[in-house]
Amino acid sequence: MSASRTRRARLNKPLERAVSGGHPWIFRDALVEADPGALGSPGEVVTVLDRKGRFLARGLVEDGPIGVRVFTTEDRALDRELLRERVDQALQLRARLAPPGTDALRLIHGEGDRLPGVVVDRYADHAVLRCDGAGIERWRPVLETLLTERLPTLGVSTLLRRSGRGEHKRVEPVMGELPSAPLEIREHGMRLLVDLVRGQKTGMFLDHRPNRLRVRELVTSMVAAGHPPRVANLYGYTGGFSLAAGLGGAAKVVTVDVAAPALALAEQAWVRNELQPGCHHGAAVEVERWLAEQRRDFDLIVADPPSFAPSRATRDRGLAAYRALHTAALPRVADGGLYLAASCSSQVDRAAFEDTLRAAARATRIDLAVIERGSAGFDHPVPLGFPEGEYLVATLCRVSR
């Protein structure tokens, strides 16, 4: 569709600076129709005008509270050529910056790569595509064609399409076949097992790659200082943080997760990494119950729960859940030990998250000192004008009594 034939909508709120500054969402209540039926159906191209009727941006119509996802603030066509440019730019960034010993990366990170709603993750010679929203779903065939043309040159022979959530989740092959077993991937040389068919997200949580590496480095330093640590990995899933601690030389590692199949993959990966048998234990139990039953302290606890606040409506409840988790976990950290707390809730920014740490420290009469702050890796870029895009926050604290 040419630019002159796109539908038009006009801002009715002073959001020109936010949009031109890179914010990729325009909510429906901030728009009025410049043409009859301007917004149309999800996936249609729409030109957004400022309050004076001048060109501001071009994007795709979305359903729900977000009315338009912005793809460009240049007065150019939103078409296959634009998508091709964005895909190529995203792939080039990963090719330049991929760390050694790593074959699992996020190849396209939606808004961060100026392809709102598009996620493509690579796991060795497999890739997984997920489209978030009805708008980009309409353009999925174009994206799949672009990806099947490019991925083989990167050594990727299989492309899977992931759609739906929960009981309605579907994984279908676009190129190649569904894997019949979990895949082995490498992350900074560490071997991890990923279930692309039944696993969470697109298979695992690639965003925590730099934080897993940091845990390995921290444990290595503790061992070098003559204090091999005891480590607990809460909500550990398939054991990424646990394996990192094991490779660092931890004396004992416990992975706590209610999902027994995930813990089985963690144990298998422990063996594949040739780590000391008997040093890893998987606890298939609710984290709250496990913490309540503990009588020994740990030198490092990683608390990386699923999103406690997936929507604005659940934000207050989510903050309360983070406070409760920290309040239960902090007493199980040895004096002078480390507590790595993380949140993947886009509704909870770093300031609000660290407020929950502060409240838990007061409740337990424990002193916390922030040592480091972390976030997602380079393959999860965040536009400067889109603070909501920094959904992953990690805070490493020293615990003192």
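Worth saying up front: this structure is predicted, and the values here are computed from it rather than measured.

S.K.: Describe the side chain of Arg 230, listing the residues and the values that go with them.
M.R.: Summarising the element assignment, Arg 230 is placed in strand β14 (residues 230-234). For the buried Arg 230, which has no salt bridge, the nearest side chain bearing the opposite charge is Asp 299, at an N-O separation of 5.6 Å. In contact with Arg 230, other than residues within four places in its own chain, are Lys 252, Arg 296, Asp 297, Phe 298, Asp 299 and Leu 300.

S.K.: Can you tell me about the sheet that holds strand β5 (residues 55-61), naming the residues and giving the values?
M.R.: Taken in spatial order, the six strands of this open sheet run β2-β6-β5-β4-β1-β3, and their pairing is mixed. The open sheet terminates on both sides in strands that have one partner only, identified here as β2 (25-27) and β3 (31-33). Adjacent strand axes in the sheet meet at a mean angle of 40 degrees when their direction is disregarded.

S.K.: Could you give an account of the pattern of salt bridges, naming the residues involved and the relevant values?
M.R.: According to the stated counting rule, one finds 33 salt bridges in the structure shown. Note that Asp 121 is salt-bridged to Arg 106, the shortest N-O span being 2.7 Å. Of the two residues, Asp 121 is situated in strand β8 (residues 118-123) and Arg 106 in strand β7 (residues 104-109); the sequence distance between them amounts to 15 residues. Here Asp 121 matches Arg 106 in class, with each residue buried.

S.K.: So, the packing of helix α9 (residues 315-329) against helix α10 (residues 350-364): which residues are in play, and what are the values?
M.R.: Contact geometry of α9 with α10 gives a least axis separation of 8 Å together with a crossing angle of 45 degrees. When the axes of α9 and α10 are compared, the pair comes out oblique. In the packing of α9 onto α10, the handedness of the crossing is right-handed. Between α9 and α10, the residues in contact are Arg 315, Leu 319, Tyr 322, Arg 323, His 326 and Thr 327 and Ala 352, Phe 353, Thr 356, Leu 357, Ala 359, Ala 360, Ala 363 and Thr 364, respectively.

S.K.: Mind laying out helix α2 (residues 80-97), listing which residues take part and the relevant values?
M.R.: Between its first and last C-alpha, α2 extends 26 Å over 18 residues, near the 26 Å set by a 1.5 Å rise per residue. The complete set of buried residues in α2 reads Leu 82, Leu 83, Arg 86, Val 87, Asp 88, Ala 90, Leu 91, Leu 93 and Arg 94. Those residues of α2 that are buried are in contact with β6 (66-72), β7 and α4 (140-150). The N-cap residue of α2 is Asp 79: its side-chain oxygen and the backbone nitrogen of Glu 81 are 3.2 Å apart.

S.K.: Got a sec to walk through the packing of helix α6 (residues 240-248) against helix α7 (residues 260-272)? Specific residues and values, please.
M.R.: Where α6 contacts α7, the two axes come as close as 10 Å, and the packing angle between them is 25 degrees. Relative to α7, the element α6 is oriented roughly parallel. Crossing of α6 over α7 shows right-handed handedness. Residues Ser 242, Leu 243 and Gly 246 of α6 touch α7, and the partners they reach there are Ala 266, Ala 269 and Trp 270.

Calculation criteria
- Residues numbered from 1 in each chain as written.
- Predicted model: local features only at pLDDT ≥ 70, side-chain atom pairs only at ≥ 80, totals over all residues.
- Heavy atoms only, no water.
- Helix = DSSP H or I, 4+ residues; strand = E, 2+ residues; numbered from the N terminus.
- Buried < 20%, exposed > 50% of the residue type's maximum accessible area, 1.4 Å probe, protein only.
- Lys, Arg positive; Asp, Glu negative; His and termini not counted.
- Salt bridge = Lys/Arg side-chain N within 4 Å of Asp/Glu carboxyl O.
- Contact = heavy atoms within 4.5 Å.
- Pairing = 2+ DSSP bridges.
- Axes fitted to C-alpha atoms, helices over the stretch in contact; angles between N-to-C directions.
- Parallel < 35°, antiparallel > 145°, perpendicular 65-115°, else oblique.
- Left-handed = near helix turned anticlockwise from the far one by under 90°.
- Expected span 1.5 Å × (residues − 1).
- Polar contact = N/O pair within 3.5 Å; in protein donor to acceptor, adjacent residues only side chain to side chain.

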